[in-house]
Amino acid sequence: MNQKEKLSSLQTIALVLLRLFVGWHFLYEGVIKLYSPSWTAKGYLLSATYMKSFFSWLASESMISIVDTLNIAALLLIGAGLILGFKTKLASILGIGLLLMYYLAHPPFPGYPQGLTEGSYWIVNKNLIEAAALLVIFLFPTSTSFGLERLFAKKEIKPSTT
Amino acid sequence: MAEDKKLFKGFSRRDLLKSLGGIPILGAVWFAGIDQNKKAKLERDFLLEKLNIKATPPPESGPMSGDPLRIGLIGFGIRGEQLMRSLGFATNEWLEDMAASAARNPNDKRLEDFRAQENLNVKLTAICDIFDVRAEDALRSFNKENNTCKRYANYLDLIHSGEVDAIIIATPDHWHAPMAIAAIEAGIHVYLEKPMTHTVQETYELREACRKNPKAVFAVGHQHRQTQSFLTAMDALAKNTLGHVSLIMTTTNRNDDNGAWQYDIHPEASPKTIDWNAFLGTAPKVPFNTEHFFRWRKWWAYGSGLSGDLLTHDYDRINCILNMGIPKYVTASGGIYTHRDGRNVPDVMHVNMEFPDFTTGGTQREDKEKGMTLVYSATLGNQFERGTVLMGHDASMELGNTLTIYADPRSTKYKDLIEEGRIDPQVPIFQYDPSAGGVDAVTSATAKYFADKGLLWTYRDGKRVDSTFLHIREWLSCIRNGGEPSCGIQEGFEEAIAAHMAGLSYKVGRKVEWDEEKEVIIALPGEDLDAILLDNDYGLPIQKA
């Protein structure tokens with residue numbers, strides 16, 4: 001971390017919490033899908049309201065099993081990475097990519113069908129907010145404060161301190 | 001271990017906590033997920049085991065081996081062409097259209113499905129259509145090197161040609177029985193489109209012909225008998241999942257010209273290209289007109305409107321599941337409210353069929369529950385999907401190509417489970433969707449109407465199959481290997497009588513009664529029921545456009 005101004009410990013705790021919660025959400029989604037053998041993204045993809053041809057290609061017979069597997073794997077790895085504090089930068093970028101895909105398949109753009117949602121959205125929805133949260137996590141890494149990367153960070157620092 | 005000690009050298013307990021603190025969180029979330037899934041699965045398995053409904057397909061019909069069967073077709077119209085595809089014969093035009101459509105839309109699998117269809121080992125040797133253009137269309141496509149197909153100007157010539165073992169009849173209703181009887185009496189097997197007959201008298205005559213010629217295999221074209229969700233529904237009923245069913249709602253909801261029988265009129269139709277007298281047959285002699293020829297379903301003289309064309313589907317769908325037979329009483333009403341274009345069959349119709357002695361089995365005190373009403377409610381002026389619902393004391397079943405069962409909040413059977421919170425009446429206790437995970441392309445409003453009712457296709461091993469194909473295959477298998485078609489003369493007899501009772505009640509404006517012992521529809525003194533049924537002008541003032 002080469003930050004000019006050091007974060008206060010409360011600021012760090014808040015960022016760690018944000019990272020853990022987003023990771024928690026990803027991991028739980030991944031685990032539920034992993035243990036539901038009949039789960040598939042096909043319905044979500046086929047009902048896409050934007051970039052329809054791209055998403056229906058993803059849902060096609062030849063692609064769907066790869067797409068499902070990759071989705072579950074990505075959810076699990078991103079979730080684990082964020083919670084454990086390991087490769088969080090990579091996990092954040094992958095997470096943003098995944099969330100943007102979910103977002104673009106059913107974007108809350110004016111004039112687009114919204115289907116069933118639990119709230120009301122205009123352009124910004126929870127997928128987009130979670131992606132923004134991951135951008136913060138990407139820009140303010142905290143895994144050396146709380147996470148496996150602390151081990152390596154300590155190790156690297158060690159020679160200079162002894 | 002020595003390595004480990006070295007690794008963690010210089011780490012305080014606090015550092016370790018901060019480094020590895022994520023691991024227990026990860027574990028907790030992971031196990032919470034597994035636990036959640038396990039609970040949901042246990043509840044689901046518990047219910048499925050409790051209900052014990054088997055979603056099994058019917059036994060496959062027998063092998064198609066042996067010499068090819070020689071098939072003749074009478075009536076190469078809209079339905080005739082569909083039936084030929086199920087038999088394995090598509091017109092050149094259709095093949096070209098489908099190839100073009102598949103090129104535009106990769107999800108359009110109609111051509112692929114057709115090409116993948118099993119070969120039924122038949123020859124299409126004879127065609128009879130009284131419209132030259134259609135007959136020639138058929139010959140151009142089907143009369144090829146490996147399949148010699150001849151045109152016959154008259155159906156009797158076709159039946160007695162010695163060139164056919166079996167025929168498929170897809171003509172206007174008033175020709176169904178005369179053609180089927182002629183074929184059965186000649187020992188030719190018959191696949192007949194619904195409704196089985198056009199008059200009450202014909203219904204007895206056709207049954208008599210079948211009884212006297214048991215070797216001729218006779219099937220009525222109610223292809224939904226092959227639909228897997230219906231077979232699953234039969235099992236659910238057999239297990240008394242619904243308790244005593246007191247009311248069944250079936251509906252027709254259409255709002256397009258094709259669905260209201262406004263079929264296309266061919267530009268080349270003329271007295272020169274159409275054998276008009278052959279079309280009329282026993283119908284009143286009226287001058288040639290293309291409206292009657294192509295849109296015959298709109299007149300009692302040739303068709304039977306909602307009661308013959310669409311009620312028959314719904315009645316047979318339910319009769320296939322419940323086997324409740326002919327209703328004791330039928331009352332019907334309706335009118336021509338949307339399509340006042342000169343037709344005389346109703347476009348809105350409401351039919352109540354009473355089965356006072358029938359029960360699906362109860363769960364309450366013996367003798368408390370008995371009797372059932374089957375409602376058929378139809379409009380050709382709105383397509384809000386009202387579906388088909390079987391309403392029992394313990395549960396309701398929504399029936400189509402999918403099948404959904406909801407427990408009733410006041411159920412006797414599920415009382416304890418509802419109280420324990422293990423059954424939520426708002427959430428289905430059983431859902432069967434053979435196409436789960438797949439979305440099928442339907443091409444028109446009318447096609448969607450049929451698909452939703454399970455009339456277009458069904459599923460075998462998760463693969464979409466044309467139900468008409470399975471129905472024809474079953475008929476061919478009975479011819480080759482013996483056995484009874486699932487919709488034979490008895491089922492057809494019940495379908496036809498129920499439909500005629502509905503048509504009659506609509507026309508005479510009163511409750512029509514079936515005498516089960518004498519097997520007759522009770523008429524008032526001096527009343528000729530068939531004359532009333534056929535009469536284009538008979539009816540209440542409200543029924544005339």
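Because the structure is predicted, anything quoted here is derived from the model rather than measured.

Engineer: Tell me what's going on with a nonpolar patch on the surface, and back it up with residues and numbers.
Structural biologist: Taken together, the side chains of A:Leu10, A:Ile13, A:Leu17 and A:Phe21 present a nonpolar region at the surface, about 430 Å² in accessible area. For A:Leu10, the location among the structural elements is in helix α1 (residues 9–34).

Engineer: How would you summarise helix α4 (residues 78–87) of chain B if you had to cite specific residues and measurements?
Structural biologist: For α4(B), the tally of buried residues reaches 7 of 10 residues, placing the bulk of the element in the interior. Every buried residue of α4(B) is accounted for by B:Gly80, B:Glu81, B:Leu83, B:Met84, B:Arg85, B:Ser86 and B:Leu87.

Engineer: So what's going on with the confidence of the model for chain B? Which residues, and what values?
Structural biologist: Detailed reading of predicted coordinates is not advised where the pLDDT is low. Averaged over all residues, the pLDDT of chain B equals 90, while 91% of them reach at least 70. Confidence drops under pLDDT 50 across residues 437–443 of chain B; counting only partners more than four residues distant or on other chains, this segment forms 16 contacts.

Engineer: Any details on the confidence of the model for chain A? Residues and values, ideally.
Structural biologist: Confidence in the prediction for chain A averages 88 pLDDT; 91% of positions are at 70 or higher. Note on residues 158–162 of chain A: pLDDT is under 50 here. Beyond four places in sequence and across chains, it has 3 contacts.

Engineer: An account of the packing of helix α4 (residues 64–84) of chain A against helix α5 (residues 88–105) of chain A is needed here, citing residue identities and associated values.
Structural biologist: In a pair of packed helices, the angle between the axes and the distance between the axes together describe the arrangement. Residue and element names in this part refer to chain A. Direction vectors running N to C along α4 and α5 enclose 140 degrees, while the axes themselves pass 9 Å from each other. The angle between α4 and α5 places the two elements in the oblique class. Considering the relative orientation of α4 and α5, their crossing is left-handed. Contacts from Asn71, Ala74, Leu75, Ile78, Gly81 and Leu82 of α4 reach α5 at Thr88, Ala91, Ser92, Leu94, Gly95, Leu98 and Tyr102. For the contact of α4 with α5, the class distribution of residues is 8 nonpolar, 5 polar and no charged.

Engineer: Go over the sheet that holds strand β6 (residues 218–220) of chain B with me, naming the residues and quoting the values.
Structural biologist: Residue and element names in this part refer to chain B. The strand order across the open sheet built from 6 strands is β3-β2-β1-β4-β5-β6, with neighbouring strands paired in parallel fashion. Edge strands, defined here as strands with exactly one partner in the open sheet, are β3 (150–151) and β6. Here 2 bridges tie strand β2 (residues 122–128) to β3, and the two strands are oriented parallel to one another. Within β3, the residue paired with Ile127 across the bridge is Arg151. Packed on one face of the sheet, helix α17 (residues 467–481) meets β1 (69–74), β2, β4 (166–169), β5 (189–192) and β6 and runs near 165 degrees to β5.

What counts, and where the lines are drawn
- Residues numbered from 1 in each chain as written.
- Chains lettered and ligands numbered in written order.
- Predicted model: local features only at pLDDT ≥ 70, side-chain atom pairs only at ≥ 80, totals over all residues.
- Heavy atoms only, no water.
- Patch = residues over 30% accessible without salt bridge, like charges linked within 9 Å, V, L, I, M, F, W, Y side chains within 5 Å.
- Areas by Shrake-Rupley, 256 points an atom, 1.4 Å probe, with all protein chains shown as cover.
- Salt bridge = Lys/Arg side-chain N within 4 Å of Asp/Glu carboxyl O.
- Helix = DSSP H or I, 4+ residues; strand = E, 2+ residues; numbered from the N terminus.
- Buried < 20%, exposed > 50% of the residue type's maximum accessible area, 1.4 Å probe, protein only.
- pLDDT = per-residue confidence, 0-100.
- Contact = heavy atoms within 4.5 Å.
- Axes fitted to C-alpha atoms, helices over the stretch in contact; angles between N-to-C directions.
- Parallel < 35°, antiparallel > 145°, perpendicular 65-115°, else oblique.
- Left-handed = near helix turned anticlockwise from the far one by under 90°.
- Nonpolar A, V, L, I, M, F, W, Y, C, P; charged D, E, K, R; others polar.
- Pairing = 2+ DSSP bridges.

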